[in-house]
Amino acid sequence: METDSTEDTGKSADPKFDNWILVESFHVIRKSKFVFLALLPVLFLVILADQYLSRVFLIDGGAVTQGAIVRMALREVALSLVFAIPMLVLAFVVHASVLRHQFSWQVFQNIERSKLRAFFERSILVLAMCAFVSLVPTILFIFDVVYIDGKLTVKPELVSTVAVITFLTAGCGFLMLIWTITWPVSVILDSDNSIQRCFRRGKKTFWYIIGRVLLISPALLVIAMVASAVIVPVAKALVEAGTTFSASPLGLPIWLAVPIGVINSVLYAISTVVVAVIISRAFLVGEARLNNDQSGERSSS
């Protein structure tokens, strides 16, 4: 049994979960396998589109220009938002599985459309905030470069300023993400889903979320390494054998681009499920800690 209680600030009231995070994640995947499998082709197509557009947006024969930087940054933001749609569908199923004990397509049949819409609206808002934060270093870099003799050169007097602003922006964005990550989830249950409650809950579960992500990262890394072990030996053997092939529009031979896309799709989907389980549990833990604090205040008064 996994015990999520720790030392202080009301953490003794934390709910206790029967299964470890990875076990719970694969349990959800098994119960919602049809949704999981249906979304894999969508993720696969988005990954291939990303590979294709990466080649299309190489401007001026690979030369780095301010225009190329802007176009590639906007491409990444746009693709990230498109990529987020199937991920959010999968995350919603996971949240409903953990919080409401409903699985697969049953989730969409038994939940109010207003809650579904609110979840996606809030999730996209949080993702848009993260996308803006990710664009800040790119914007700063554009102001930090100048053309000298036709070459793009960094202005040395602005390097430290850009580095400090980038660091502060990334830090603030990270804090905002952790504090608001349970805001979309809160609409699934009939509870206080206000942004004020979300911030209070985020402060209570800040280290819980970071700790669980750090704890689970090695396991995800092992899964990625096992998946890579399927592709790398085959590619190495073909190269050593002198196999010739022509590059596809994806920048890779089709025989290599397709399996890489499939493996990446599976890894992204599994990671989404695991992170969604952590977020759902963080919501339950945060609510328990807040309710415990409120009970303590009423008792003392």
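For the structure, see preceding data.
Just so you know, these numbers come straight off a predicted model, no measurement behind them.

With that settled, the discussion passes to unusual backbone geometry. Despite not being glycine, His101 shows a phi value in the positive range, around 60°. By secondary structure assignment, the location of His101 is in the loop between helix H3 (66-100) and helix H4 (106-109). For His101, a relative accessible area of 62% translates into the label exposed. Even without being glycine, Ser104 reaches a positive phi, approximately 55°.

What follows concerns the pattern of salt bridges. Applying the stated criterion across every chain yields a total of four salt bridges. Across the salt bridge formed by Glu24 and Arg281, the nearest N and O atoms sit 3.8 Å from each other. Here the residue Glu24 occupies a position in helix H1 (residues 21-31), and Arg281 occupies one in helix H8 (residues 254-300), the gap between them amounting to 257 residues. On the basis of relative accessible area, Arg281 is assigned to the buried category, the value being 1%. In this structure, the salt-bridge partner of Lys115 is Glu112, at a minimum N-O distance of 3.8 Å. The class for Glu112 is partly exposed, based on a relative accessible area of 40%. Linked by salt bridges that have partners in common, Arg197, Arg201 and Glu287 make up one network.

Right, let's get into the environment of Val187. By the element assignment, Val187 lies in the loop between helix H6 (159-180) and helix H7 (195-240). Taking C-alpha positions, Val187 is 6.4 Å from Phe119, a pair spaced 68 residues apart along the chain.

It is worth spelling out the nonpolar core at this point. In this structure, Phe36, Phe92, Val94, Ile216, Val273 and Val274 are the most contacted members of the largest nonpolar core, which totals 54 residues. Put simply, the parts of the chain that give this core at least two residues each are H1, helix H2 (33-56), H3, H4, helix H5 (113-143), H7 and H8. A per-element tally of this core places H3 first, with twelve residues. Filtering out sequence-adjacent residues up to four positions away, Phe92 remains in contact with Val107, Phe108, Ile111, Leu116, Phe119 and Ile188.

Our next topic: the packing of aromatic side chains. In total, this model carries eight aromatic pairs according to the counting rule given. Above the ring of Phe103, the side-chain terminus of Lys31 is found at 5.7 Å from the ring centroid. Here the basic side chain of Lys203 rests over the ring of Trp179, its NZ or CZ set 5.9 Å away from the ring centre.

Our next topic: a nonpolar patch on the surface. Taken together, the side chains of Trp20, Val23 and Leu215 define a hydrophobic patch exposed on the protein surface, amounting to about 280 Å² of accessible area. Exposure remark for Leu215: the relative accessible area of 48% places this residue in the partly exposed category.

Every buried residue of H1 is listed here: Ile21, Leu22, Glu24, Ser25, Val28 and Ile29. Angular distribution of buried residues about the axis of H1 spans 160°; they occupy a single face of the element.

Attention now goes to the environment of Leu22. Within the secondary structure layout, Leu22 lies in helix H1. Distance in space between the C-alpha atoms of Leu22 and Leu220 is 9.3 Å, their sequence separation being 198 residues. The residues contacting Leu22, other than those within four sequence positions of it, are Ile216, Ala219 and Val274.

Reading the values: rules and limits
- Residues numbered from 1 in each chain as written.
- Predicted model: local features only at pLDDT ≥ 70, side-chain atom pairs only at ≥ 80, totals over all residues.
- Heavy atoms only, no water.
- Helix = DSSP H or I, 4+ residues; strand = E, 2+ residues; numbered from the N terminus.
- Buried < 20%, exposed > 50% of the residue type's maximum accessible area, 1.4 Å probe, protein only.
- Salt bridge = Lys/Arg side-chain N within 4 Å of Asp/Glu carboxyl O.
- Core = buried A, V, L, I, M, F, W, Y, C linked by side-chain atoms within 4.5 Å.
- Contact = heavy atoms within 4.5 Å.
- Phe/Tyr/Trp six-rings, centres within 6.5 Å; stacked < 30°, edge-to-face > 60°.
- Lys NZ or Arg CZ within 6 Å of the ring centre and 35° of its normal.
- Patch = residues over 30% accessible without salt bridge, like charges linked within 9 Å, V, L, I, M, F, W, Y side chains within 5 Å.
- Areas by Shrake-Rupley, 256 points an atom, 1.4 Å probe, with all protein chains shown as cover.
- Arc of directions from axis to C-beta.

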